[in-house]
Amino acid sequence: MKTITFVAMQRKILAIYHDLDAITLRMLTAVAQDPQFEVTIACAEEYLPKVEAPIEAVVIPPIRSKFTWIAIKALRKVIKELRPDVIYSPSTSGLSCALMASLGTKAKNIGYRGTQAKVRRSDPTYYLGILNPRVTHIVCGAPDIEEYLRRFLPERKLSHVVKPFDLSWVDDAMANPLPCPFPESDALRLIFVGISKGRPHKGLGTLIDAMWMLPEGSATLTVIGDADEADMARAPRSVKFIPTRSDAIRFLPNHELFILPSTRDASPRVVREAQACGVPCLVSDIPGPRSLIAPGKTGQLFPSGDSRALADAIIRLASDRPTLQAYAAATRPYIADNFRFDSYVTFYKQLFS
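Residues numbered from 1 in each chain as written. Predicted model: local features only at pLDDT ≥ 70, side-chain atom pairs only at ≥ 80, totals over all residues. Heavy atoms only, no water.

Engineer: Please provide a residue-by-residue account of the overall build of the protein, values included.
Structural biologist: Looking only at helices and strands, one finds eleven helices and 13 strands in the protein. Taking 353 residues into account, the globule formula puts the C-alpha radius of gyration at 20 Å, and the protein, at 23 Å, falls close to it. Projected onto the principal axes, the alpha-carbon positions of the protein cover approximately 75 × 55 × 35 Å. Within the protein, buried positions represent 51% of all 353 residues. For the protein, long-range pairs separated by at least 24 residues make up 64% of all intrachain contacts whose partners lie at least 6 apart in sequence. Both charge centroids of the protein, one from 44 positive and one from 36 negative side chains, sit 9 Å from each other. (Helix = DSSP H or I, 4+ residues; strand = E, 2+ residues; numbered from the N terminus. Rg over C-alpha atoms; globule rule 2.2 N^0.38 Å. Buried < 20%, exposed > 50% of the residue type's maximum accessible area, 1.4 Å probe, protein only. Contact = heavy atoms within 4.5 Å. Lys, Arg positive; Asp, Glu negative; His and termini not counted. Charge placed at Lys NZ, Arg CZ, Asp CG, Glu CD.)

Engineer: Break down the pairing of strand E2 (residues 37-43) for me, citing the residues and quoting the values.
Structural biologist: Burial analysis of E2 places six of its seven residues in the buried class, the great majority of the element. Two strands pair when backbone bridges link them, and strand E1 (residues 11-17) and E2 are joined in this way by seven bridges, in the parallel orientation. Note on E2: the bridge partner recorded for Ala15 is Ile41. Relative to strand E3 (residues 56-59), E2 is paired through four bridges, and the arrangement is parallel. Bridging from a neighbouring strand, Cys43 pairs with Val59 of E3. (Pairing = 2+ DSSP bridges.)

Engineer: Please set out the side chain of Ser89 residue by residue, giving values where relevant.
Structural biologist: Looking at where Ser89 falls in the secondary structure, it is placed in strand E4 (residues 86-89). A relative accessible area of 0% places Ser89 in the buried class.

Engineer: Quick one: what's the story with the environment of Val59, residue by residue and with numbers?
Structural biologist: Within the secondary structure layout, Val59 lies in strand E3. Taking the C-alpha atoms as reference points, Val59 and Tyr47, twelve residues apart in sequence, are found 9.5 Å from one another. If near-sequence neighbours (up to four positions away) are discounted, Val59 is found in contact with Cys43, Glu45 and Leu48.

Engineer: Residue-level account of unusual backbone geometry, with values.
Structural biologist: Phi is positive for Arg83, close to 50°, though the residue is something other than glycine. Structurally, Arg83 can be placed in the loop between helix H2 (69-82) and E4. Since its relative accessible area comes to 67%, Arg83 is described here as exposed.

Engineer: I'd love a proper account of the packing of aromatic side chains, names of residues and values included.
Structural biologist: Here the structure, examined in full by the defined rule, presents nine aromatic pairs. When the ring of Tyr148 is compared with that of Phe152, the centres are 5.4 Å apart and the planes differ by 65°; the resulting orientation is edge-to-face. For the pair shown, Tyr148 and Phe152 are each scored as buried. Note on Tyr334 and Phe339: the rings are 5.8 Å apart at their centroids and 75° apart in plane angle, and the pair reads as edge-to-face. (Phe/Tyr/Trp six-rings, centres within 6.5 Å; stacked < 30°, edge-to-face > 60°.)

Engineer: Tell me about the side chain of Thr206, and name the residues and values.
Structural biologist: Relative to the helices and strands, Thr206 is located in helix H6 (residues 204-213). What Thr206 contacts, discounting residues up to four positions off in sequence, is Gly305, Asp306, Ser307 and Leu310.

Engineer: With reference to specific residues and values, describe the sheet that holds strand E13 (residues 299-302).
Structural biologist: Strands pair in a sheet through their backbones, by hydrogen bonds, and they do so in one of two ways: parallel or antiparallel. Pairing is parallel in the open sheet, where six strands are placed in the order E10-E9-E8-E11-E12-E13. Each end of this open sheet is capped by a strand with a single partner; those strands are strand E10 (239-242) and E13. Strand-to-strand twist of the sheet, defined as the mean angle between neighbouring strand axes without regard to direction, takes the value 20°. Note that strand E11 (residues 257-260) and strand E12 (residues 281-284) share three bridges and pair parallel. Residue pairing in the sheet places Ile259 in a bridge with Leu282 of E12. Contacting strand E8 (188-193), strand E9 (219-224), E10 and E11, H6 crosses the sheet at an angle of about 160° to E9. (Axes fitted to C-alpha atoms, helices over the stretch in contact; angles between N-to-C directions.)

What follows is the structure in structure tokens.
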């Protein structure tokens, strides 16, 4: 009897970057280590990462918009030389330029959507990217985003995967934490991390309102990140502001409760960072963030924009330290079990195949 051997075809992947996401780079590097895949990154020199073999990189002009002609021409040349099977574009402008550069080729274009921002059929620029019929697939950063996009795209073109988190990424923060600005206080130590200046949807105003509603001495709040002067001026003395800094994660371990008061958000990494540092989270009940915690296990949800409900939740947790401690004990195992990097890589391998 004749034996038939099936050989898996090698897939050539071209990833388009104009700004680098470290997690996506690590994923692509892991994919490239599988002999089934050949991975090349096309990136502007100013953003070019230090890549590890067997992944390769080519330099293209910066992608400044959905129609950056000089970058499209360079991409066109790269595509003709490499003949990729798949072009993966994690950014909206990168996807638009890749679609134009790949016209007439057999490359399949895959995009990424990590925002809850609305899609408008009346805006023709959306047809340059996400609504373009030549888009093969869109990966969504959260299940809520996928559900929303089903209004515009067929289900077969959509899937979702939440970005992973490795506990080792907070090793330095855990070993070298920065002190809470209220070292002498026995109050519940709250922390908010994020740039809220000019971004009212981050909900810092709601959080400051809630701080005024708390019994005196029950809680303190550390705000890490640039904030509007109006918010800083009206905050009570129990709130300390620290400007944006690259090592903000090191403040997390010396706090007891992380607050995310956003009225809209995508899949904020800081919620995973807090839990990886052993800090429970009190999070707005909105699409995206609510899928990053285990309510009643690693933290709680509260109605978005409701400062009274937020204050009441803080008061309950401040007076129930055993529950808060149980939440804290569950956070790191929850991250380890639910945000595995190997599962993330497997998802993309299957998608690219």
